[in-house]
Amino acid sequence: MKTMLRIIPISYRATPWHNILSNLMGIVHGASFAVTVVATKYLFDVIADAAVGNAGFWDCVIPLLVLAGVTFGNQILNGVHNFHGHAQFAIATGRVTTILHRKLSRIDPARFEETDFLDDLNKAREGLFVLPYVSMTLSMLVCFYGTYFTFIGVYLFSLKPILLITLLIAFIPAMCAQIVRVKVFTKLEEQSAPIRRENEYYQRTLCDREYFKETRILGAYNFFHKLFSETLSLLMQKTWRAERKTALLQLTLNITTFIGMAISAYLLFSATMSGEITVGAFAAVFSALGMVFYIMQEIIDMHMSNLNKDLGKLVNFIKMLDLPERTGTEQSPDYTKGISAENISFTYHGREEPAVNNVSLSIANGETIAIVGENGAGKSTLVRLLTGIYRPSSGAVKVGGVDTLETAPASIYNGISGVFQKYQRYKMTLGENVAISDTKAKLSEALVETALSEAGVEREDVEFDTMLSPEFDGIDLSGGQWQRLAIARGLYRINDFIVLDEPTAAIDPIEETRVYTQFQKLAEGKCAVIVTHRLGSAKLAHKIVVMENGEIVDIGTHEQLLSRKGKYADMWNAQSVWYERE
Ligand code: ATP
């Protein structure tokens, strides 16, 4: 009930006018069904009178025309109602998806690293697609069936109260079966979400372009196919068990409903025989009973049972909408104050050791720092903390003087640009792939071209409008070209603080140094951070930060660090050996 009450305002927010229209149509449609029953009664009564000579031919024509008119109207309404339902469903699905996307944009990015959160998100997506369906079903139940049953209920009660009571009692057991179904299917959804996420992942490894080459070359197709089949059959098993459990219960309880209908029919027959009700009323109610039985079955077996399954999924959607958002006050960072971190630590969800441990660091305005260290030292995590993407579990990061814990994320990101290890290859044109970093600014082809040349993107036959995706009838770039393009994207965005988190692995060392030298020039007067494994590039920075096991173990210029003969000197010597051998 709580879930149902929650989805109504969401649905109204998504498609307010369609909802109102659909409800009105439901009421008129339900009323027209009820009018059919009354019109049938009058027609049968007048025909019965005509049969014994108490009424003439023309007395029968009017009720006949009324019944024909109502039946015709019913059919028209049915078509319009269905047509509108399909249109409303498509529009509402799109709008509800937007509501979820907006919510996700306000959730702390660190949560996307949590398995539980990703499971919840997967479940919420399932809920998203059923929300319009559930909302429309509820509207139909209340407006269409509700109107019809109210009319019929009043009519039956006025004829013989026991008729109505018997009918109501007959359907109580079937309703109870549905409550059990809600519980079974909510539990099923809880158990299925992680398996479904796994299964979807295996499907991607088998079909997606990015996995395709590797899975074929490694001969891993069969391995992933096996995992895919295993998770799929586990999902099927769980669904099958839940369906079997509830179907048996439902079958038993439906039999009681059928018995109730039979008793109602008997009561009706005996009331007609004793003269309590007219032949017309008997005919109308008898045919209506068939309709009531059919509609009740439809409500319970189809709508309620689907509703129950879907409500389990919707609970997850609502849960996602209720998640706390990352909030903070709107502030304007003053980048002349630089960036500072004071004793910050950060531990990933599910990990015991902190990825960044009690780190303090400052970057003055106009300063470029390089962060170096072995794999897993905590460099990328520190960058995410310095840019405010993650917030420290303890300590404070101040970006342009504002604390990332207290400031609205959009205020922090406003002046920051970054290129990360896992940059995106947008399936869009070359120009769009660059300009996407600053969608608030008007797209400027000249600025895009400047950023592309600063990042050293070799154009060959690639034009500003060339689509960079074979899937959309375009072309693909090489790994190195994509990396330079990602750097161009970072440079295009107007910024006061720019970060390059090792986006250069596919660029050769000499070219990388050229890119970083260029970057240094562009970063003049700004705060800048470079994360790199190639110490030749780190040398260019004003200050080098050496990390190990989440901690800063040394800070200084290249010369200072070499002379200290510590971790940095070891790394430098190790890399020099490789270059000498070459
Ligand atoms: P690399 O040079 O390989 O990119 P790095 O120095 O950038 O490494 P981080 O990516 O910051 O290192 O990782 C620091 C530590 O945090 C590692 O031990 C890593 O296993 C862990 N870690 C990183 N991302 C996650 C995550 N999403 N969930 C749990 N642990 C993580």
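Residues numbered from 1 in each chain as written. Predicted model: local features only at pLDDT ≥ 70, side-chain atom pairs only at ≥ 80, totals over all residues. Heavy atoms only, no water.

Undergrad: How would you summarise the overall build of the protein chain if you had to cite specific residues and measurements?
TA: Counting its regular elements, the protein chain contains 17 helices and ten strands. For a compact globule of 582 residues, the expected C-alpha radius of gyration is about 25 Å, and the protein chain comes in at 35 Å, more than 25% above that figure. Here the analysis covers contacts within the protein chain between residues at least 6 apart in sequence; of these, 75% occur between residues at least 24 apart. Surface accessibility of the protein chain: about 29,500 Å² in total, with carbon and sulfur atoms responsible for 61%. In the protein chain, which carries 55 positive and 61 negative side-chain charges, the distance between the mean positions of the two groups comes to 4 Å. (Helix = DSSP H or I, 4+ residues; strand = E, 2+ residues; numbered from the N terminus. Rg over C-alpha atoms; globule rule 2.2 N^0.38 Å. Contact = heavy atoms within 4.5 Å. Areas by Shrake-Rupley, 256 points an atom, 1.4 Å probe, with all protein chains shown as cover. Lys, Arg positive; Asp, Glu negative; His and termini not counted. Charge placed at Lys NZ, Arg CZ, Asp CG, Glu CD.)

Undergrad: Help me get a handle on the sheet that holds strand β4 (residues 394-399), residues and values and all.
TA: Taking strand neighbours across the sheet as the criterion, the four strands line up as β2-β1-β4-β5 in an open arrangement whose pairing is antiparallel. Sheet topology places β2 (356-363) and β5 (402-403) at the edges, where each strand pairs with a single neighbour. Examined bridge by bridge, strand β1 (residues 339-346) and β2 share five bridges and lie antiparallel to one another. The residue bridging phenylalanine 346 from the neighbouring strand is valine 356, located in β2. Against the sheet, helix α9 (residues 379-386) engages β1, β2 and β4, with an angle of about 55 degrees to β2. (Pairing = 2+ DSSP bridges. Axes fitted to C-alpha atoms, helices over the stretch in contact; angles between N-to-C directions.)

Undergrad: Break down the nonpolar core for me, citing the residues and quoting the values.
TA: One finds Val134, Tyr148, Leu314, Phe317 and Met320 to be the most contacted residues of the largest nonpolar core, which totals 52 residues. Among the elements of the structure, α1 (2-14), α2 (16-51), α3 (57-105), α4 (115-159), α5 (161-207), α7 (221-273) and α8 (279-321) are those that each provide at least two residues to this core. The element that contributes the greatest number of residues to this core is α8, accounting for 17 residues. Sequence-distant contacts of phenylalanine 317, defined by excluding residues within four places in its chain, comprise Ile10, Val96, Leu100, Ala124, Gly127, Leu128 and Leu131. (Core = buried A, V, L, I, M, F, W, Y, C linked by side-chain atoms within 4.5 Å. Buried < 20%, exposed > 50% of the residue type's maximum accessible area, 1.4 Å probe, protein only.)

Undergrad: I'd like a description of the sheet that holds strand β9 (residues 543-548), backed by residues and values.
TA: Strand order in the open sheet formed by six strands is β6-β7-β8-β3-β9-β10, and the pairing between neighbours is mixed. A strand with exactly one partner marks an edge of an open sheet, and here the two such strands are β6 (416-419) and β10 (551-556). Here the average twist between neighbouring strands, direction ignored, is 15 degrees. Against the sheet, α9 engages β3 (368-373), β7 (497-501), β8 (527-531) and β9, with an angle of about 145 degrees to β3. Where helix α13 (residues 479-492) meets the sheet, it contacts β6 and β7, and its direction lies at approximately 175 degrees from that of β6.

Undergrad: Any chance you could break down a negative patch on the surface for me, citing the residues and the numbers?
TA: A contiguous patch of negative charge on the surface is contributed by Glu432, Glu445, Glu458, Glu460, Asp461, Glu463 and Asp465. As for its placement among the helices and strands, glutamate 460 is situated in the loop between α12 (445-454) and α13. (Patch = residues over 30% accessible without salt bridge, like charges linked within 9 Å, V, L, I, M, F, W, Y side chains within 5 Å. Salt bridge = Lys/Arg side-chain N within 4 Å of Asp/Glu carboxyl O.)

Undergrad: Can you tell me about the pattern of salt bridges, naming the residues and giving the values?
TA: Throughout the structure, instances matching the rule amount to 15 salt bridges. Between lysine 123 and aspartate 120 there is a salt bridge, with its nearest N and O atoms 3.5 Å apart. Of this pair, lysine 123 and aspartate 120 both sit in helix α4, separated by three residues, roughly a single helical turn. Here lysine 123 falls in the buried class, since its relative accessible area comes to 5%. Here lysine 319 makes a salt bridge to aspartate 120, at a shortest N to O gap of 3.9 Å. Taken together, the residues span a long stretch of sequence, with lysine 319 in helix α8 and aspartate 120 in helix α4 at a distance of 199 residues. For lysine 319, a relative accessible area of 38% corresponds to the partly exposed category.

Undergrad: So what's going on with the site of the ligand? Residues and values would help.
TA: Close to the ligand lie 14 residues; Glu113, Gly376, Lys379, Thr381 and Gln421 are nearest. Between the ligand and the protein, one listed contact pairs an oxygen atom with a backbone N or O atom of glycine 376 at 2.9 Å. A per-class count over the shell around the ligand returns three nonpolar, seven polar and four charged. (Near = heavy atom within 4 Å. Polar contact = N/O pair within 3.5 Å; in protein donor to acceptor, adjacent residues only side chain to side chain. Nonpolar A, V, L, I, M, F, W, Y, C, P; charged D, E, K, R; others polar.)

Undergrad: Any chance you could break down the environment of isoleucine 371 for me, citing the residues and the numbers?
TA: Among the secondary structure elements, isoleucine 371 is positioned in strand β3. Along the primary structure isoleucine 371 and glycine 418 are separated by 47 residues, whereas in three dimensions their C-alpha atoms are 15 Å apart. Those residues in contact with isoleucine 371, other than ones at most four positions away along the chain, are Lys379, Leu382, Val383, Val529, Ile530, Val531, Thr532, Val545 and Met547.

Undergrad: Run through the packing of α1 against α4, naming residues and quoting values.
TA: The contact between α1 and α4 brings their axes to 10 Å, and the two run at 105 degrees. What the angle tells us is that α1 and α4 run roughly perpendicular. Across from Met4, Ile7, Ile10 and Ser11 in α1, the residues of α4 making contact are Leu131, Val134, Ser135 and Leu138. Taken together, the residues that form the contact of α1 with α4 break down as six nonpolar, two polar and no charged. (Parallel < 35°, antiparallel > 145°, perpendicular 65-115°, else oblique.)

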